[in-house]
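Geometric and topological summary
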Amino acid sequence: MGRHGWDSDSRRWRLTALLGVGAVALALVVTLVSTLSGGPATTGTTRDGATVHGTPVRPGAAPEPYVGWGFTHTQYSADQGAGAATTRVEQLLTQSRGLAQDQAVMGWGADNPEPVQGHYDFGALDRRIDFMRASGGTPVITLCCAPDWMKGGRAGVGNTNWSQSALETAPTPDHYQDYADLAATVARRYPDVRHFIVWNEFKGFWNDARSRWDYEGYTKLYNLVYTALKKVDKDIMVGGPYLDMDSVDPRDQNASAAVKGPWGAMDQRVLDAFSYWNTHKAGADFTVVDGSSYTRDDDLLPDEFAAADKFTAVGEWIRRQTHDLPLWWAEYYVEPADGNGDRTGWSEPRRVAAQATGMIALVKGGAGSGFYWNPEDRSGSGCAGCLWTPTDSAGGGRELPMYDLVSRFAKAFPPGTRYTSVSVAADDVPNVRVLASDRTVLVVNTQNRTISAQIDGKRFDMGPYAVKWLDR
């Protein structure tokens with residue numbers, strides 16, 4: 001989504017960051033040679049992209065339409081770096097027993113998978129899938145973005161345009177089937193990937209002339225991809241529409257009159273797009289959306305903790321529309337970004353507390369799966385909101401507070417959890433957020449001060465923005 005950004009300091013989308021300086025030089029040479037020879041360069045690609053990669057272990061049972069709570073890989077992740085650091089993260093994830101991991105098919109650390117029609121380059125994606133396998137993760141692939149030749153750009157190795165505007169361009173309608181064919185190739189290559197998300201935030205599907213989403217175009221693409229994946233294996237789980245559930249000031253001309261609260265109002269154009277997809281989709285095994293607790297103008301209404309109630313309201317609305325189809329959140333944000341697209345203004349305890357509150361709100365809205373957008377840095381000692389320290393050095397790859405939250409949440413509240421009520425002292429109700437199962441209680445102090453709370457019959461102190469886990 002626009003809020004997770006394309007990392008304006010170019011760490012994520014600069015071509016050299018994706019390929020390396022030496023590879024860039026080689027790509028330029030290959031491009032020059034191809035230009036002189038009159039055809040797009042295909043050096044380093046293969047015609048047989050559907051060949052199964054590695055030694056996947058395919059689950060014996062049919063997949064379920066949910067995966068639980070996990071994270072999304074971004075440009076820099078633990079599949080590369082110092083051996084000791086990457087191994088440390090692998091072991092950390094292995095201990096979490098199958099934490100779900102999502103990876104885009106192009107971008108966010110993956111190269112152009114089909115730089116020339118019928119010529120594939122899955123090297124970077126192979127490496128990410130290998131990491132998921134080694135760390136015991138439940139793999140998910142987001143089918144975004146599209147090779148340049150599918151959207152009016154130039155074909156050929158070395159010709160990929162990695163700019164934000166280019167990456168956010170959708171395939172043209174005459175290439176929708178080509179994209180569906182690419183999706184099927186990916187599914188055949190990684191038979192252990194049983195869950196696919198179609199596209200990302202309607203990127204490239206905005207209709208300027210009508211000032212609304214081109215939901216007809218997206219739904220056509222979705223239906224072709226859905227059909228292609230089901231032909232590969234009818235048990236593959238497919239979901240959409242991965243809409244950004246934007247909210248606005250209630251006075252905004254596009255504010256919904258039906259889905260609103262103290263946190264703002266939904267943009268009616270988003271609801272219209274969702275409703276069209278929901279009515280005209282070829283099928284779906286789960287619904288997936290993303291969004292932030294704050295409005296499109298970055299307003300946290302009435303504050304960063306109460307704003308999370310938006311997730312609950314939106315989730316309940318979606319579940320009503322889809323007749324309780326399993327609900328995923330591909331991304332969820334509780335901290336507005338600054339002008340550079342960074343989220344570094346809060347302390348880590350405040351960030352973790354707001355994130356925990358957001359996850360509680362997602363569950364209360366009916367979600368059973370969700371992915372934390374991991375803002376991993378390439379190097380350095382600090383990393384606001386990251387799951388682990390950068391893996392560029394042997395000492396990297398160490399667990400950070402956000403990983404503790406996400407991994408504990410996934411273990412304590414897996415899909416199918418039966419949630420129960422929990423007693424909270426009356427004077428504590430305004431200060432805490434609580435989620436409970438038969439076995440575990442998660443308590444969040446939403447105040448920047450120490451409180452004495454009585455939860456589930458127990459009295460204890462909680463420091464500023466503390467997150468506490470109780471056994472029942």
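Residues numbered from 1 in each chain as written. Predicted model: local features only at pLDDT ≥ 70, side-chain atom pairs only at ≥ 80, totals over all residues. Heavy atoms only, no water.

Side note on the confidence of the model for the protein chain
Summarising the model, the protein chain shows a mean pLDDT of 92, and 92% of its residues fall at 70 or more. Every residue in residues 1–36 scores below 50 in pLDDT, and together they form 78 contacts with partners more than four places removed in sequence or on other chains. (pLDDT = per-residue confidence, 0-100. Contact = heavy atoms within 4.5 Å.)

Observations concerning the sheet that holds strand β8 (residues 247–248)
Sheet architecture is open: three strands sit in the order β8-β10-β9, paired in antiparallel fashion. The open sheet has two edge strands, β8 and β9 (255–261), and neither has a second partner. Where β8 and strand β10 (residues 264–267) come together, two bridges link them in antiparallel fashion. Looking at the pairing, S247 lines up with M266 of β10. Here helix α8 (residues 268–280) sits on the sheet and contacts β9 and β10; the angle it forms with β10, its principal contact strand, is near 45 degrees. (Pairing = 2+ DSSP bridges. Helix = DSSP H or I, 4+ residues; strand = E, 2+ residues; numbered from the N terminus. Axes fitted to C-alpha atoms, helices over the stretch in contact; angles between N-to-C directions.)

Comments concerning the pattern of salt bridges
Enumeration over the complete set of coordinates arrives at 21 salt bridges. Between K203 and E201 there is a salt bridge; the shortest N-O distance is 2.9 Å. The pair K203 / E201 is uniform in exposure class, with both members buried. One salt bridge connects K230 with D285, and the closest N-O pair in it is separated by 3.0 Å. One end of the pair, K230, is in helix α7 (residues 215–232); the other, D285, is in the loop between α8 and β11 (286–292), and 55 residues separate them in sequence. Under the relative-accessibility criterion, K230 is labelled buried at 18%. (Salt bridge = Lys/Arg side-chain N within 4 Å of Asp/Glu carboxyl O. Buried < 20%, exposed > 50% of the residue type's maximum accessible area, 1.4 Å probe, protein only.)

Concerning the side chain of H73
Here H73 lies in the loop between β1 (69–72) and α3 (83–95). Here S77 takes part through its side chain, which lies 2.6 Å from a polar atom of the side chain of H73. When sequence neighbours within four positions are dropped, the list of residues in contact with H73 reads Q101, D102, Q103, W108, R128, F131 and M132. (Polar contact = N/O pair within 3.5 Å; in protein donor to acceptor, adjacent residues only side chain to side chain.)

Some points on the packing of aromatic side chains
In total, this model carries 26 aromatic pairs according to the counting rule given. Between F311 and W329, the ring centres sit 5.3 Å apart and the planes meet at 75 degrees, which makes this aromatic pair edge-to-face. One end of the pair, F311, is in helix α9 (residues 309–321); the other, W329, is in strand β12 (residues 327–333), with 18 residues separating them in the sequence. Seen from the ring of F460, K468 lies directly overhead, with NZ or CZ sitting 5.4 Å from the centre. (Phe/Tyr/Trp six-rings, centres within 6.5 Å; stacked < 30°, edge-to-face > 60°. Lys NZ or Arg CZ within 6 Å of the ring centre and 35° of its normal.)

Some points on the side chain of N112
One can find N112 in the loop between β2 (100–104) and α4 (123–134). Here E114 takes part through its backbone nitrogen, which lies 3.1 Å from a polar atom of the side chain of N112. A distance of 2.9 Å separates a polar atom in the side chain of N112 from a polar atom in the side chain of T160. Aside from chain neighbours lying at most four places away, what touches N112 is M106, D121, P147, D148, T160 and W162.

Concerning the state of the cysteines
Two cysteines joined by a covalent bond between their sulfur atoms form a disulfide. Under the criterion given, the structure shown has one disulfide. Residue C383 pairs covalently with C386 via a disulfide, S to S 1.7 Å. Note on the C383 and C386 pair: the S-S dihedral is about -40 degrees, so by sign convention the disulfide is left-handed. (Disulfide = S-S within 2.5 Å.)

With respect to the sheet that holds strand β14 (residues 432–436)
Strand order in the open sheet formed by three strands is β14-β15-β18, with antiparallel pairing between adjacent strands. Among the strands making up the open sheet, the edge pair consists of β14 and β18 (467–471). Averaged over all pairs of adjacent strands, the angle between their axes in this sheet comes to 15 degrees, without regard to strand direction. Sitting on the sheet, helix α10 (residues 348–364) is in contact with β14, β15 (440–445) and β18, with an inclination near 50 degrees to β14. Sitting on the sheet, helix α11 (residues 401–412) touches β14, β15 and β18, and the angle it makes with β18 is about 30 degrees.

Digging into unusual backbone geometry
A cis amide bond links C144 with the next residue in sequence, C145, at an omega value of 15 degrees. Residue placement: C145 occurs in the loop between β3 (138–143) and α5 (164–167). Between G240 and P241 the backbone carries a cis peptide bond, its omega angle lying at 0 degrees. Within the element layout of this structure, P241 appears in strand β7 (residues 237–244).

Notes on α10
An ideal rise of 1.5 Å per residue puts 24 Å on 17 residues; α10 measures up with 24 Å between its terminal C-alpha atoms. α10 sits mainly inside the fold: 13 of its 17 residues count as buried. G366 sits one or two positions beyond α10 and adopts a positive phi of about 105 degrees. (Expected span 1.5 Å × (residues − 1).)

Description of the nonpolar core
Formed by 108 residues in total, the largest nonpolar core has its most connected members in Y179, W199, M245 and W329. Considering each element in turn, this core owes the most residues, nine residues, to α10. Filtering out sequence-adjacent residues up to four positions away, Y179 remains in contact with V105, L143, C144, C145, A146, P147, M150, P171, W199, L221 and V225. V432, A436, V441 and V443 belong to the second largest nonpolar core, which has twelve residues in total. (Core = buried A, V, L, I, M, F, W, Y, C linked by side-chain atoms within 4.5 Å.)

What to know about the environment of F205
With respect to the element layout, F205 can be found in the loop between β4 (195–198) and β5 (206–207). The spacing of F205 and S347 is 142 residues in sequence and 36 Å in space, taken between C-alpha atoms. Beyond its immediate stretch of four places on either side in the chain, F205 contacts A170, Y176, W199, R212, W213, D214, G217, Y218 and L221.

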